[in-house]
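# Overview (structure and organization)
Below are the chains, spelled out letter by letter.
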Amino acid sequence: MSSVRPMRTDVTTRIDASWVITPEGPVADASVVVADGAIAWVGATSAAPLADEVVDCSWGLLAPGLVDAHTHLGLSWSKALGPTTGHPVYDVFWPRESSLDHDLVKAFAMSSAAEALLAGTTCVADHYFFADASAEATTAVGIRSFVGETMATRYVPHHGRASIERGIDFVERHRSTHLVHPALAPHALDTMGAEALSEVAAEARRLGVPLHMHVAQSDREVADVQAEYGCGPVEKLAEIGVLDQPLLAAHAMHASEGELDLLARSPSVSTVYCPTVHAGLGRSLPAARLRLIGGNVALGTDAVPTQRRKLASEARAAVICQQVLTGDAGALSLLDAFEMATAGGAAAIGLANQIGTIEVGKRADVVAHRLDQPAMAPFTDPVEVWTCSGPDQVHSVWVDGRRVVEDGHLVLVDEGSIARSAQAARAKLFLRN
Ligand SMILES: [Zn+2]
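Residues numbered from 1 in each chain as written. Predicted model: local features only at pLDDT ≥ 70, side-chain atom pairs only at ≥ 80, totals over all residues. Heavy atoms only, no water.

## What about the coordination of the zinc ion?
Coordination of the zinc ion by the protein comes from His70 (NE2), His72 (NE2), His214 (NE2) and Asp302 (OD), over a distance range of 2.1 to 2.5 Å. Metal-centred angles of 79 to 178° between the four donor atoms at the zinc ion mark the site as irregular. If you list the donors of the zinc ion from N- to C-terminus, the spacing comes out as H-x1-H-x141-H-x87-D. The same class applies to His70 as to His72, namely buried. (Donors = N, O, S within 2.8 Å, 3.2 Å for Na, K, Ca; no water. Tetrahedral: all angles 85-135°; square planar, octahedral: opposite > 155°, others 65-115°. Buried < 20%, exposed > 50% of the residue type's maximum accessible area, 1.4 Å probe, protein only.)

## Some thoughts on unusual backbone geometry
The omega angle of the peptide bond from Ala377 to Pro378 is -5°, so this bond is cis rather than trans. Topologically, Pro378 is positioned in the loop between strand 14 (366-370) and helix 15 (382-385). The phi dihedral of Asp400 is positive, around 55°, even though this residue is not glycine. Relative to the helices and strands, Asp400 is located in the loop between strand 15 (394-399) and strand 16 (402-406). For Asp400, a relative accessible area of 10% translates into the label buried. (Helix = DSSP H or I, 4+ residues; strand = E, 2+ residues; numbered from the N terminus.)

## Points about the packing of helix 2 (residues 102-118) against helix 16 (residues 415-432)
Helix-helix packing is characterised by the crossing angle of the two axes and by the distance between the axes. Interaxial distance between helix 2 and helix 16 falls to 8 Å at its minimum, and their mutual angle equals 140°. As summarised for this structure, helix 2 and helix 16 are arranged oblique, according to the angle between their axes. Helix 2 and helix 16 meet at a crossing whose hand is left-handed. When helix 2 is examined against helix 16, the residues Leu104, Ala107, Phe108, Met110, Ser111, Ala114 and Leu118 are found in contact with a partner set consisting of Glu415, Ile418, Ser421, Ala422, Ala425, Arg426, Lys428, Leu429 and Arg432. Tallied by class, residues from the contact of helix 2 with helix 16 come to 10 nonpolar, two polar and four charged. (Axes fitted to C-alpha atoms, helices over the stretch in contact; angles between N-to-C directions. Parallel < 35°, antiparallel > 145°, perpendicular 65-115°, else oblique. Left-handed = near helix turned anticlockwise from the far one by under 90°. Contact = heavy atoms within 4.5 Å. Nonpolar A, V, L, I, M, F, W, Y, C, P; charged D, E, K, R; others polar.)

## With respect to the sheet that holds strand 17 (residues 409-410)
In spatial order, the strands read 3-2-1-4-14-15-16-17; together these eight strands make up an open sheet with mixed pairing. Edge positions in the open sheet fall to strand 3 (38-44) and strand 17, since each of these has one partner strand only. Both strand 1 (residues 13-22) and strand 4 (residues 53-64) contribute to a ladder of seven bridges, which runs parallel. For Trp19, the partnering residue across the bridge sits in strand 4 and is Leu61. (Pairing = 2+ DSSP bridges.)

## A closer look at the side chain of Glu115
For Glu115, the location among the structural elements is in helix 2. Residue Glu115 is classed as buried on the basis of its relative accessible area of 18%. Here the side chain of Glu115 touches Arg309 through a polar contact of 3.4 Å, landing on its backbone nitrogen. (Polar contact = N/O pair within 3.5 Å; in protein donor to acceptor, adjacent residues only side chain to side chain.)

## Quick word on the pattern of salt bridges
Evaluation of the coordinates by the stated rule reveals 23 salt bridges. Of the charged contacts in the structure, one is a salt bridge between Asp372 and Arg370, with a shortest N-O distance of 2.9 Å. Asp372 gets classed as partly exposed once you look at its relative accessible area, which sits at 46%. Connected through shared salt-bridge partners, Arg144, Arg363, Asp365 and Asp400 make up one network. (Salt bridge = Lys/Arg side-chain N within 4 Å of Asp/Glu carboxyl O.)

## Considerations on the nonpolar core
One finds Leu184, Tyr273, Leu285 and Trp386 to be the most contacted residues of the largest nonpolar core, which totals 61 residues. Each residue touching Leu285, except ones within four places of it in the same chain, is listed here: His251, Ala252, Met253, Leu260, Thr271, Val272, Tyr273, His278, Leu290, Val297, Gln322 and Leu325. Counting 24 residues, the second-largest nonpolar core is a separate cluster that includes Ala116, Val367, Val399 and Val404. (Core = buried A, V, L, I, M, F, W, Y, C linked by side-chain atoms within 4.5 Å.)

## Re the packing of aromatic side chains
All chains considered together, the criterion is met by five aromatic pairs. Summarising the aromatic geometry, the rings of Trp77 and Phe93 are spaced 6.0 Å apart at their centres and angled 80° between planes, so their arrangement reads as edge-to-face. In this pair, Trp77 is assigned in the loop between strand 5 (66-71) and helix 1 (88-97) and Phe93 in helix 1, connecting sequence segments 16 residues apart. Taken together, the aromatic side chains of Trp77, Phe93 and Phe430 make up a single cluster linked through ring pairs. Cation over ring: Arg96 sits above Phe430, and NZ or CZ is 4.1 Å from the ring centre. (Phe/Tyr/Trp six-rings, centres within 6.5 Å; stacked < 30°, edge-to-face > 60°. Lys NZ or Arg CZ within 6 Å of the ring centre and 35° of its normal.)

## Examining the domain arrangement of the protein chain
In terms of domain boundaries, the protein chain breaks down into domain 1 (13-64 + 357-410) and domain 2 (66-348). Relative placement of domain 1 and domain 2: their C-alpha centres are 28 Å apart. Taken together, the contact between domain 1 and domain 2 spans 23 residues of the former and 23 residues of the latter. Here domain 1 and domain 2 share an interface that buries about 2,000 Å² over both sides, 72% of which is from carbon and sulfur atoms. Counting the contacts that link domain 1 with domain 2 gives two salt bridges. In this structure, the salt-bridge partner of Arg144 is Asp400, at a minimum N-O distance of 2.9 Å. (Domains from an automatic or database assignment. Buried area = accessible area lost by both parts, 1.4 Å probe.)

## Thoughts on the sheet that holds strand 13 (residues 296-299)
If you trace the four strands from one edge of the open sheet to the other, you get 10-11-12-13, paired in parallel fashion. Among the strands making up the open sheet, the edge pair consists of strand 10 (211-215) and strand 13. When the angles between neighbouring strand axes are averaged without regard to direction, this sheet yields 30°. Pairing between strand 11 (residues 247-251) and strand 12 (residues 269-273): four bridges, direction parallel. Looking across to strand 12, one finds that Leu247 is bridged to Val269. Sitting on the sheet, helix 12 (residues 311-326) touches strand 12 and strand 13, and the angle it makes with strand 13 is about 125°.

## Examining helix 13 (residues 334-341)
Two residues of an α-helix separated by three or four positions point the same way, owing to the 3.6 residues in each turn. Those residues of helix 13 not exposed but buried are Leu334, Ala337, Phe338, Met340 and Ala341. The arc that holds the buried residues of helix 13, viewed along the axis, is 160°, so those residues lie on one side. (Arc of directions from axis to C-beta.)

In structure tokens, the structure reads:
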């Protein structure tokens, strides 16, 4: 770990790289100037203005930080399970999640947030119990977060009216927390019921925050909703007006064709594709088709025992899975996947004007990836080679202009202590049940 340094907002920083990925495409031998946490200038290094400090990344590629649009950071304990049987959510997670508390969730969320940051993710959209623990963890490691407290009225651990009140209270308390963007996070339609969900949706409109929820994520959810309401989950969401307000809809891989059209035709709705998790459950969201018919699709890592928080790997998996699903090698390009992992994710959480691309005026959430490594060479297109990057290639990460990863290590927190705390928390949780 590097020594901990206070945040400086009065210093301008110029980052010089061999490539900078801008919305217009990659620019060779280019620089980005950061001032007051924002991107103040982008262009050829030969024409770059002077700055108080210059960071030499001429060995690498400067890309926008990734936006992981669906995470459960506090669920990183499931990595310790190994192979499991049954449905991960209903049969594996829920029985143990009832034993969680704030401190355990914080320890797990710290390891997960650190893993994401070290892999080049600069913003996570988190949905879990004890949301304060998630906000504390993301703040500690220095990653931006979009956070909501998991709410449910039945089945889910920690459910009940109190979960709705906690979720609303969380939003009200974190309206101005630096780098934490609060949301309301109902679990799903089957675990909320339409009445309570309508109430939460009204609260989201009152508070001016998006909804983040699971939509058509399992056969069981679809069957329960069909039995209770006589239609599919997306159809019911449309009926009660939830598709008419900002909604981050995770998964939808069990939505019908007609329901995918409903999602695509709702401009305030974004769908989150989690390729590895979907593949592990034997499904794939038809992400390429959803984009083709006008939907915004973001990428997420979600959480299952075999999952890791490496969004660039998910981008590559998305391309491969869409090829398998459609039989068309060009169904989803690496460039499409890059857009989904950056600007698409930013739009999905309502931060399109602030993050997701490297352009003047946006917050400086940027990542320097090493190109001088065997895993990254040879390459033709610097955007495409980005999907080969991971923790071994991520050299530096800036979030809101603050350098939070340097030389491949966290700047603000000791990595060893994060790992030890997560391991101790695992032992405690597994003793409980
Ligand atoms: Zn999920």
